[in-house]
Every structure is written in structure tokens, then in C-alpha cells.
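Each chain is listed here by its residues.
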Amino acid sequence: AEDAGAVAQNSSQTIAKLNSSQFLIFPEENQNQLPNGILVKSRSRSEIYLLENGKRRHISSAQLFNKLGYSLANIKILSDRELLGYAKGESLVFPDGSLLESEKDGKIYLIKNKAKRYITSAAVFKKNKFKQKDVVKVSDVDLEEYAYDGVVGLPNDTLIALVGKSTDVYVVSDGGKKKVTTDIF
């Protein structure tokens, strides 16, 4: 950190003179940075943060906290001042592969590349080998953190046919379908 004298000599800015209460509004950068991976919260607020690279990253819900495998016993309590000494970083999000269910309407989404993809049916859920035990119920506020990125389809190499036209068989490939010659059956 530069000292005030050096800043004043090398800058055309004027230095604002503050009384002690005004001065205390501005938190000082923490001199003793805690290591990465530490969970912290302030004494006066309920928000929990993960420290990474000198920044505090908000953990937005109990569901996310639990999904990430954290324990309340590992949270370090800081003063508001100490907590504000860490710059605010991006909020944590559910990792890729997470299955999130809306508490409001029961729709289930797959998280992929920080976006949500809607799972359209129980059949699609089952064909993709998802497990109900991996589904986490979340609020719509949590779901709104993710951009909508379409739907989850059937996995590649799944055979499909249109009801009533059993002679036409297709194989799912890269989100599309290719007709399969029926003489292989």
C-alpha cells in the first residue's frame, strides 16, 4: 500500500479531510488475509461467504451450502469491518451436473455451464440415468440465477419411433435424429 504522502505528491487529486465517524465508514484492507477456502460470516448478519483469492463469495442458500458439503461448525465469525475488508466476488452457484427442482412448480433442471436446462419428462430423466436422490429443491429466486438454455433431450444412441408408425425407427444423435434402416431389426 502506498502511503498518503506519496499519493499526494504523485497525484493532482486533493485529499478529502474527514472526521473520525466519516473515516470509519471506509474499511481498511485486511492486513492478515485468511487462506482460500475459509467460510466466514459477520457477527451481525446471516450471510455466509467463502473466501477465495482475497474476495468473499456469497453462498446464497442453505441448499447450496449443503450441496457443496460445507458444515456450520467450520464458519469463522468476523467483525463487520473485517468482512468488509474482503472485496465482494461473484456469488457461488451450483456446480455443473446439479439437478435443481423448483419449489413452486416442481420442474427439474440440469445445471450445465452456469445455465439451466429443463428436463421435459420422467422418461427423459430416467433415460439420462439421473437419480431422484440427487435432486435439490430450491426457490425460484435461486433458479433465476441461471439463464435458460433449452431442454435436456434423450441421450445419444437412444432408439425412438413415432407412435403409430412402428416401421420408422430413428436413433438420437447430437440432439437430432437419424433414420435407421429397418432391415437391421
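Residues numbered from 1 in each chain as written. Predicted model: local features only at pLDDT ≥ 70, side-chain atom pairs only at ≥ 80, totals over all residues. Heavy atoms only, no water.

Engineer: Explanation requested: the sheet that holds strand β8 (residues 115-119) in the structure shown.
Structural biologist: Where strands meet in a sheet, backbone hydrogen bonds hold them as pairs that are either parallel or antiparallel. The five strands lie next to each other as β9-β6-β7-β8-β10, forming an open sheet whose pairing is mixed. Both edges of this open sheet fall to β9 (135-138) and β10 (147-152), since each of them pairs with a single strand only. Pairwise comparison of adjacent strand axes, ignoring direction, gives a mean angle of 35 degrees for this sheet. With three bridges connecting them, strand β6 (residues 99-102) and strand β7 (residues 108-112) associate as antiparallel partners. What sits directly across from Leu100, in β7, is Tyr109. (Pairing = 2+ DSSP bridges. Helix = DSSP H or I, 4+ residues; strand = E, 2+ residues; numbered from the N terminus. Axes fitted to C-alpha atoms, helices over the stretch in contact; angles between N-to-C directions.)

Engineer: Got a minute to help me understand the side chain of Glu101 in this structure?
Structural biologist: Take Glu101: it is sitting in strand β6. A relative accessible area of 13% means that Glu101 is categorised as buried. With sequence-adjacent residues up to four places away left out, Glu101 is seen in contact with Gly106, Lys107, Ile108, Gln132, Val135, Val136, Lys137 and Val138. (Buried < 20%, exposed > 50% of the residue type's maximum accessible area, 1.4 Å probe, protein only. Contact = heavy atoms within 4.5 Å.)

Engineer: Sorry, what's going on with a positive patch on the surface here?
Structural biologist: Taken together, the side chains of Lys126, Lys127, Lys129 and Lys131 present a region of like positive charge at the surface. As for its placement among the helices and strands, Lys131 is situated in the loop between α5 (122-127) and β9. (Patch = residues over 30% accessible without salt bridge, like charges linked within 9 Å, V, L, I, M, F, W, Y side chains within 5 Å. Areas by Shrake-Rupley, 256 points an atom, 1.4 Å probe, with all protein chains shown as cover. Salt bridge = Lys/Arg side-chain N within 4 Å of Asp/Glu carboxyl O. Lys, Arg positive; Asp, Glu negative; His and termini not counted. Charge placed at Lys NZ, Arg CZ, Asp CG, Glu CD.)

Engineer: What is the right way to read the nonpolar core from this model?
Structural biologist: The tendency in soluble globular proteins is for nonpolar side chains to be buried side by side. One finds Leu39, Ile59, Phe65, Phe94, Leu100 and Val138 to be the most contacted residues of the largest nonpolar core, which totals 16 residues. Contributing elements (two or more residues each) for this core: β2 (48-52), α3 (62-67), β7 and β9. In this structure, Ile119, Phe130, Val135 and Val152 belong to the second largest nonpolar core, which totals nine residues. (Core = buried A, V, L, I, M, F, W, Y, C linked by side-chain atoms within 4.5 Å.)

Engineer: It is not clear to me how the pairing of strand β13 (residues 176-180) should be interpreted in this structure. Could you clarify?
Structural biologist: Looking down a regular strand, the side chains alternate between one sheet face and the other. By the bridge criterion, five bridges tie strand β12 (residues 169-173) to β13 in an arrangement that is antiparallel. Paired with Tyr170 across the two strands is Lys179, which belongs to β13. Between β12 and β13, which pair antiparallel in sequence order, lie two residues; one of them, Asp174, sits at a positive phi of approximately 50 degrees.

Engineer: Help me understand unusual backbone geometry, please; the structure alone is not making it clear to me.
Structural biologist: A negative phi angle characterises most non-glycine residues, just as the trans form characterises most peptide bonds. A positive phi angle is found at Asn113, which is not glycine, with a value near 55 degrees. Within the secondary structure, Asn113 sits in the loop between β7 and β8. For Asn113, a relative accessible area of 60% corresponds to the exposed category.

Engineer: In this structure, what is going on with the side chain of Arg57? I would like to understand it.
Structural biologist: Within the element layout of this structure, Arg57 appears in strand β3 (residues 55-59). Polar side-chain contacts of Arg57 include one of 2.8 Å to the backbone oxygen of Glu90. Each residue touching Arg57, except ones within four places of it in the same chain, is listed here: Ile48, Tyr49, Leu50, Glu52, Gly89, Glu90, Ser91 and Leu92. (Polar contact = N/O pair within 3.5 Å; in protein donor to acceptor, adjacent residues only side chain to side chain.)

Engineer: What exactly am I supposed to notice about the packing of aromatic side chains here?
Structural biologist: Each pair of aromatic rings is reported with the distance of its centres and the angle of its planes. All chains considered together, the criterion is met by three aromatic pairs. With centroids separated by 5.7 Å and ring planes inclined at 50 degrees, the aromatic side chains of Tyr109 and Tyr118 adopt a geometry described as tilted. Sitting over the face of the ring of Tyr118, Lys107 holds its NZ or CZ atom 5.3 Å from the ring centroid. (Phe/Tyr/Trp six-rings, centres within 6.5 Å; stacked < 30°, edge-to-face > 60°. Lys NZ or Arg CZ within 6 Å of the ring centre and 35° of its normal.)

Engineer: Would you mind going over empty space enclosed by the protein with me for this structure?
Structural biologist: The gaps left among the atoms become clear once a water-sized probe is rolled over them. According to the stated counting rule, one finds one cavity of 30 Å³ or more in the structure shown. In this structure, the largest cavity encloses a volume near 40 Å³. As for the largest cavity, its lining consists of Ser60, Leu64, Leu92, Val93, Phe94, Asp142, Glu145 and Tyr146. Taken together, the residues of the lining of the largest cavity break down into five nonpolar, one polar and two charged. (1 Å grid on protein atoms, 1.4 Å probe; cavity = no way out; pocket = protein on both sides within 12 Å on 5 of 7 lines; lining within 4 Å. Points joined across faces, edges and corners; volume = space filled by probe spheres on them. Nonpolar A, V, L, I, M, F, W, Y, C, P; charged D, E, K, R; others polar.)

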